[in-house]
Amino acid sequence: MDTSIPEGVLLRNVPFLSAFNGCYEHKCISCFLFFLFHLLLLLILSVISNISATYRSLHVSQRIYWNLAGVRSVFGVSSVVLSIVTLIGDKELRDDTVLGVTLSCQFFFTYIVGFFIFECCLLLFTEITFGVKSLGLLAHHFISLIGYSIGLFWDHGYFIGALVVSLEMSTPFSCLCWVLLKMKLSQSLLWFANQWILVHLFHTRQNVLCVVMLVVARDWENVWQNMNVLLTVLLVGGAVIMLGGLNPYWTQKKTEQLFTREDWNFIPITPLPYNIATNRFDGFPNQVNGTGTKLNAVNGTGSKVSRSLPGSPSKKAKKRDSKKVN
């Protein structure tokens, strides 16, 4: 073990973690193992969830989202707990908010990086396989992956990084909200209580973001001199965008959802009435009539698929009919 870096609260109190020594190889192995951990957790949740009739009735893309919600909830709870333990227990981080480091916070960051690797891979998979449009979320997680990877392998920014990851406090409640909607329990007391807590947690997130900005402003000289330039840009830019735009917007949307009880993650299928007389789908935008041209419809995942006009003659049938007429 590298004696130049303090153990920190986690390695000091969890004996089997003492094998982690903070070297480059151990960091890479730990990140990979945590990636496998979240992947295994996803598979276990998929098996357990089959017990639910609601789960079995969902489209395969929504089943993946259901299981992913469980993985995110586990990460949200564990990351907030580890963040609080690290910030309180590791005095070295509080003494120097930029260069302060312990083996415990290094190990904690490998957990975060492993999760974001898993998230980015799964979001890319659903995008390619099912056409689920989640580019905003993918960009958000990819930026987080870059930021925490820089902090981990350049060995700085642990205090601020541990503070930022505490924003995951809202994740378990957001995931539970979606699951309850799918189970048609949006009128239950559980859903209302969960949504009420969620709204207040988004207000708490705003306070945490203010603390992050205050820490950066207070130690700006230290940040400017010792923090990686890209990490500084991602930290300051991300905090400003979250504080001034995204978090207030999400707070508003979650407050609206308290009363509207809508699912914005997936667009439900709306059957379109077909008019035989006009050979058209009534109410369908940008229709093409009578030619057999394929029209785009929106499926349960929000992606575009092709749907042919029923009853439309094929090109061969048209040629055959035209010869008969002639």
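Fair warning: this is a prediction, and the values are worked out from it, not measured in the lab.

1. Examining the side chain of K27
- Residue position: K27 is located in helix 2 (residues 24-49).
- Polar contacts involving the side chain of K27 include one to the main-chain carbonyl oxygen of L152, which spans 2.8 Å.

2. Re the pattern of salt bridges
- Throughout the structure, instances matching the rule amount to five salt bridges.
- Salt-bridge contacts for D95 lead to K91; the nearest nitrogen and oxygen are separated by 2.9 Å. A residue pair is termed a helical-turn pair when its members lie 3 or 4 positions apart in one helix, as D95 and K91 do in helix 5 (residues 91-95) at four residues.
- We classify D95 as exposed; its relative accessible area is 55%.
- Among the salt bridges present, the one from K253 reaches E256, with a minimum N-O distance of 3.9 Å. Taken as a pair, K253 and E256 lie in helix 12 (residues 229-260) at a separation of three residues, close to a single helical turn.
- Residue K253 is classed as partly exposed on the basis of its relative accessible area, which comes to 22%.
- Assessed through its relative accessible area of 33%, E256 is described here as partly exposed.

3. Notes on the packing of aromatic side chains
- Counted under the stated rule, the structure contains 18 aromatic pairs.
- With 5.6 Å between their ring centres and 70 degrees between their planes, Y55 and W66 make a pair best called edge-to-face. On the criterion of sequence distance, the pair formed by Y55 in helix 3 (residues 53-57) and W66 in helix 4 (residues 60-89) is long-range, its members being eleven residues apart. As far as burial versus exposure is concerned, Y55 and W66 are alike and both buried.
- Considering the side-chain rings of F75 and Y111, the 5.6 Å spacing of their centres and the 40 degrees angle between planes classify their relative orientation as tilted. Linking F75 in helix 4 with Y111 in helix 6 (residues 103-130), this pair joins segments that are 36 residues apart in sequence.
- By relative accessible area, F75 is classed as buried at 0%.
- Among the aromatic residues, those joined into a ring-pair cluster are F34, F75, F107, F108, F109, Y111, F115, F116, F118, Y148 and Y158.
- Across from the ring centre of Y55, 5.5 Å away, lies the NZ or CZ of R63, which sits over that ring.

The rules behind these values
- Residues numbered from 1 in each chain as written.
- Predicted model: local features only at pLDDT ≥ 70, side-chain atom pairs only at ≥ 80, totals over all residues.
- Heavy atoms only, no water.
- Helix = DSSP H or I, 4+ residues; strand = E, 2+ residues; numbered from the N terminus.
- Polar contact = N/O pair within 3.5 Å; in protein donor to acceptor, adjacent residues only side chain to side chain.
- Salt bridge = Lys/Arg side-chain N within 4 Å of Asp/Glu carboxyl O.
- Buried < 20%, exposed > 50% of the residue type's maximum accessible area, 1.4 Å probe, protein only.
- Phe/Tyr/Trp six-rings, centres within 6.5 Å; stacked < 30°, edge-to-face > 60°.
- Lys NZ or Arg CZ within 6 Å of the ring centre and 35° of its normal.

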